[in-house]
Structure formats: structure tokens, C-alpha cells
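Structural features, examined
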Amino acid sequence: MERKSRKIGIIGHFGGKENILDGQTIKTKILHEELSKATDWKIIKVDTYYKKKNPIKLLIDTFKCLFSTKDIIVLLSGNGMKFYFPILSFFAQKFHINIYHDVIGGNLDIYVSKYPKFKKYLNSFQINWVETAGMKDKLENQAIKNCEVMPNFKRLSIADREEEIEFSEPYCFCIFSRVMKEKGIEDAIDAIQSINEDAGRVICSLDIYGRIDDGYVERFEKVLKQVTNAIQYKGMVPYDKSVDAIKDYYALLFPTYWKGEGFPGTIVDAFSAGLPVIATNWNCNGEIIENKKNGLLYPNLEIKNLKEAICWLIDNKDEMNEFKNNCLISAEKYQPDEYIRKIVAVSYTHLRAHETGRNL
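Note that the coordinates shown come from a computational prediction; the quantities given were computed from them, not determined experimentally. (Residues numbered from 1 in each chain as written. Predicted model: local features only at pLDDT ≥ 70, side-chain atom pairs only at ≥ 80, totals over all residues. Heavy atoms only, no water.)

Observations concerning the overall build of the chain
- When you go through the chain residue by residue, the secondary structure sums to 15 helices and twelve strands.
- Taken over C-alpha atoms, the radius of gyration comes to 22 Å for the chain, in line with the 21 Å a tight globule of 360 residues would show.
- Seen through its C-alpha atoms, the chain measures out along the principal axes to roughly 70 × 40 × 40 Å.
- By residue count, 56% of the 360 residues in the chain fall in the buried class.
- Considering only contacts in the chain between residues 6 or more positions apart, those separated by 24 or more positions represent 73%.
- Surface exposure of the chain reaches about 17100 Å², of which carbon and sulfur atoms provide 49%.
- Computing the positive centroid from 51 side-chain charges and the negative centroid from 49, the chain places the two 11 Å apart. (Helix = DSSP H or I, 4+ residues; strand = E, 2+ residues; numbered from the N terminus. Rg over C-alpha atoms; globule rule 2.2 N^0.38 Å. Buried < 20%, exposed > 50% of the residue type's maximum accessible area, 1.4 Å probe, protein only. Contact = heavy atoms within 4.5 Å. Areas by Shrake-Rupley, 256 points an atom, 1.4 Å probe, with all protein chains shown as cover. Lys, Arg positive; Asp, Glu negative; His and termini not counted. Charge placed at Lys NZ, Arg CZ, Asp CG, Glu CD.)

Pasting the structure below:
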């Protein structure tokens, strides 16, 4: 890879000094880590964590970054976009700052519909990296002309392919995501409980990993008090330890119906650990999960709900070794090297254009 010493900025949620493990923060940290390893660039960090904690610091850091470099990568939530887009678009047009927008989540098209000025802002950036082809299509239908697909990626140790495994009761399932109602947490709990109640014994269990959403703590604690020991909350796991934490489970459940879902990092975690994913056919899950190859998508003509999907996977345990191998193969697509090369290459293209006075 060509290397040239230079400065770039990254504006995103790094989480301050807290150990925050939501998808936005993890994605921002991974991008910074991978660019730091792949280049000798000086990377100026602007942490949007300080928007509420110390807004004066955030403003100062932002404008220092804008006046220190011609290249800035931004990763923003909904509120972050409303605040930053007018500023970034102004600097892109008036001062020829190259803005590379690394899109968070899967509902940017909704924001464009709600805030018509977003169309102008997004088109003023050099590029908008979206996580899925579905999102690219939606934005292009709204006349956003500069989108490219850049899936979620993580540098994870892909689990070893072992000898064929014999599977038997109890079948242990897991959830590995932010813990909130819209992620289908209660649907998963109800499905596991119902299967065990119907059988009169513990056929399957469920372990839940992840940060509990602030507004869901009280409700989640109440739910856990009403279930059997087959369902347990296991706390939080650092994103780079996910494979070790979940590799021995039967499969991962992802019954999400959260409106902001884009390319869920939990699917990359599961594939890297060799776990098939049972997921709702929601947003762009179907772009990532191949039904009956590396997971199950529901509802469909055969499987109407999560309980039926879990039972199908248990009833077809003879196919699980093939499923798990397919997951490990799928995981290779989401290692970061190829995507970091693309980010670096795009950045150098605009650097050379700036140095020669050309417009791209």
C-alpha cells in the first residue's frame, strides 16, 4: 500500500473515557484503529461524545480539525447529522474540504425525506459510504449521487474449523447486541420459554450479552425476574473478544425490528464465531444472511415466527456443521483490509486532485 505522511480528521463517537460498546462507537473506533495501523497518517480525533458533556470542547475541537486538514471522515448519528451537516457542507463548498461520510445505520433515507436540505449536504461531500446496497438504492432514488457500499467490518479472529460436532440438548442460543425492546429481546425470551414449556423440560437456553439501553433497564430487570434460569443476562463483552465469548453456542438470535438497523455488527460477530443467525427479514438483513445457508430469515412461507425458526434449526441439527462452516466462509468478507485499502485509495485520489488543481 502506498504510504505518505499526512493529516486527516475523524469526527465520530469515540465514547470519551467510557467503555461504550454500541454499534456507532465500535464502528468509529475500528476505523481509527485500522487506519492507524495501515498508514502513518496523523489522525485528528473529534469525539462527538462531548456534545452534551462539554459542548465548548467539541466546538473547539471541530474547528481546529476543519482548519488543520483538507480530509475529514465523519460518522454521525441522527442528531449529529443535523448539527454537523450544515457546517461540513459549508466547509466542503467554500474551503474545498474533502468530506467522506461513513454512514451509521440504515435510516439515512428517512432523514433525507424529513429534512430536504440533507440532499444538498450529502451531495456536497466527496462520498457517502453506505453499509448496504439497499440503502444505496434508496438514496439514489432520492437523487443522492455519490454513494458507495462499504459494509460493516471488524478485525476478528475467525474461529477454527473443528471436527464435526455432535449436537444435543440443551441447545444454547445467544443474543449479542444492544439490549432494548426493539432488538427483539422479549420476542427471543418468549420463544425460548414457550419451547421449553411445550416440552416440559429445558430443550434450549438463552444467554443475552450487550449494553442495556438506558430507557430499558427497569423493564428488562422486571422481565428477567419472570423467567426461568434457562434465560440469563451475561453482561457486556469487548467487541474484539466477541468470538471467544460466543463460539460455543448453537446459534445467535437477532429478532430485531429497530428502525435504525443498517448492517448489524452482531452478524459479523456471529459469522466469525461460526454461529448461524436466526434473524427477522428486516431492513437489509437479507443482504447478509443467506436463508438456510448461514442462517434463517423469517417470516417466510415456511417459517412464520422466531419460535418456528428455532425449532427448525433444532430439528435440522444434522445440517448444523455445514451451516457453521458456511458462516466462517462468510466471515472472511468482513475483514477490514480490503475496505481500508479502498478508503486510503479514495483519499489519495482526492489529495492528488487537490495538488494538481483538478476537479473530480
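Description of a negative patch on the surface
- Taken together, the side chains of Asp 160, Glu 162, Glu 163, Glu 164, Glu 166, Asp 248, Asp 318, Glu 319 and Glu 322 define an acidic patch exposed on the protein surface.
- Mapping Glu 162 onto the fold places it in the loop between strand E6 (147–149) and strand E7 (171–176).
- With a relative accessible area of 61%, Glu 162 lands in the exposed category. (Patch = residues over 30% accessible without salt bridge, like charges linked within 9 Å, V, L, I, M, F, W, Y side chains within 5 Å. Salt bridge = Lys/Arg side-chain N within 4 Å of Asp/Glu carboxyl O.)

Here we look at the nonpolar core
- With 36 residues, the main nonpolar core has Phe 173, Leu 206, Leu 253, Ile 278, Ile 310 and Leu 313 as its most contacted residues.
- Mapped by element, the contributors of at least two residues to this core are E7, helix H8 (185–199), strand E8 (204–209), helix H9 (217–225), strand E10 (251–254), strand E12 (295–298), helix H13 (306–315) and helix H14 (320–331).
- Setting aside its immediate chain neighbours within four residues, Ile 310 contacts Phe 173, Ala 191, Ile 192, Ile 195, Leu 253 and Ile 278.
- Among the nonpolar cores identified, the runner-up in size contains 33 residues, and Ile 20, Leu 66, Ile 72 and Ile 87 belong to it. (Core = buried A, V, L, I, M, F, W, Y, C linked by side-chain atoms within 4.5 Å.)

Focus on the sheet that holds strand E9 (residues 231–235)
- Ordered in space as E9-E8-E7-E10-E11-E12, the six strands form an open sheet in which the pairing is parallel. The outermost strands of the open sheet, each flanked by one partner alone, are E9 and E12. Taking each pair of neighbouring strands and ignoring which way they run, the sheet shows an average axis angle of 25°.
- Bridge count for strand E11 (residues 277–280) against E12 is four bridges, and the pairing is parallel. (Pairing = 2+ DSSP bridges. Axes fitted to C-alpha atoms, helices over the stretch in contact; angles between N-to-C directions.)

Section: the packing of aromatic side chains
- On inspection of all chains with the given rule, the structure shows 26 aromatic pairs.
- By way of ring pairs, the aromatic residues Phe 85, Tyr 111, Tyr 115, Phe 118, Tyr 121 and Phe 125 are connected into one cluster.
- Lying over the aromatic face of Tyr 50, Lys 57 brings its terminal NZ or CZ to 5.1 Å of the ring centre.
- Seen from the ring of Trp 258, Arg 178 lies directly overhead, with NZ or CZ sitting 5.0 Å from the centre. (Phe/Tyr/Trp six-rings, centres within 6.5 Å; stacked < 30°, edge-to-face > 60°. Lys NZ or Arg CZ within 6 Å of the ring centre and 35° of its normal.)

As for the pattern of salt bridges
- Enumeration according to the criterion identifies 19 salt bridges in this entry.
- A salt bridge links Lys 247 to Asp 244; its shortest N-O distance comes to 3.8 Å.
- Relative accessible area serves as the criterion here: at 39%, Lys 247 is assigned to the partly exposed category.
- For Asp 244, a relative accessible area of 55% puts it in the exposed group.
- Within this structure, Glu 34, Lys 37, Arg 155 and Asp 337 form a network of salt bridges that share partners.

A word on the side chain of Arg 6
- Assignment of secondary structure puts Arg 6 in the segment before strand E1 (7–12).
- You can call Arg 6 buried: its relative accessible area is 10%.

Digging into a positive patch on the surface
- On the surface, Lys 51, Lys 52, Lys 82, Lys 114 and Lys 259 cluster together into a positively charged patch.
- Assignment of secondary structure puts Lys 51 in helix H2 (residues 50–53).

Describing a nonpolar patch on the surface
- A cluster of nonpolar side chains, Leu 59, Phe 63, Phe 67, Phe 83, Phe 90 and Phe 95, forms an exposed patch at the surface whose accessible area comes to about 550 Å².
- For the nonpolar patch, the secondary-structure elements that each account for two or more residues are helix H3 (55–66) and helix H4 (78–94).
- Residue placement: Leu 59 occurs in helix H3.

A look at the packing of H3 against H4
- Interhelical geometry of H3 versus H4 gives an angle of 25° and a closest axis separation of 12 Å. By the angle between their axes, H3 is roughly parallel relative to H4. Two packed elements cross with a definite hand, and for H3 against H4 that hand is right-handed. Only Phe 83, Tyr 84, Ile 87, Leu 88 and Phe 91 of H4 make contact with H3, whose side of the interface consists of Leu 58, Leu 59, Thr 62, Phe 63 and Leu 66. (Parallel < 35°, antiparallel > 145°, perpendicular 65-115°, else oblique. Left-handed = near helix turned anticlockwise from the far one by under 90°.)

Some remarks on the sheet that holds strand E4 (residues 98–102)
- Here we have six strands laid out as an open sheet, ordered E2-E1-E3-E4-E5-E6, and parallel in their pairing. The sheet is open, and its two edges are formed by strand E2 (42–47) and E6, each paired on a single side. Averaged over neighbouring strand pairs, the angle between their axes works out to 20° when direction is ignored.
- Against the sheet, H3 engages E1, E2 and strand E3 (71–74), with an angle of about 150° to E2.
- Against the sheet, helix H7 (residues 133–140) touches strand E5 (127–130) and E6, its axis set at about 170° to E6.

A look at the pairing of E5
- Neither face of E5 is left uncovered, since the one carrying Ile 127 and Trp 129 and the one carrying Asn 128 and Val 130 both have all their residues buried.
- Here three bridges tie E5 to E6, and the two strands are oriented parallel to one another. Within the sheet, the bridge partner assigned to Val 130 lies in E6 and is Val 149.
- Each parallel crossover has a hand, and the one from E5 via H7 to E6 is right-handed. (Right-handed = clockwise from strand over helix to strand, strands pointing away.)

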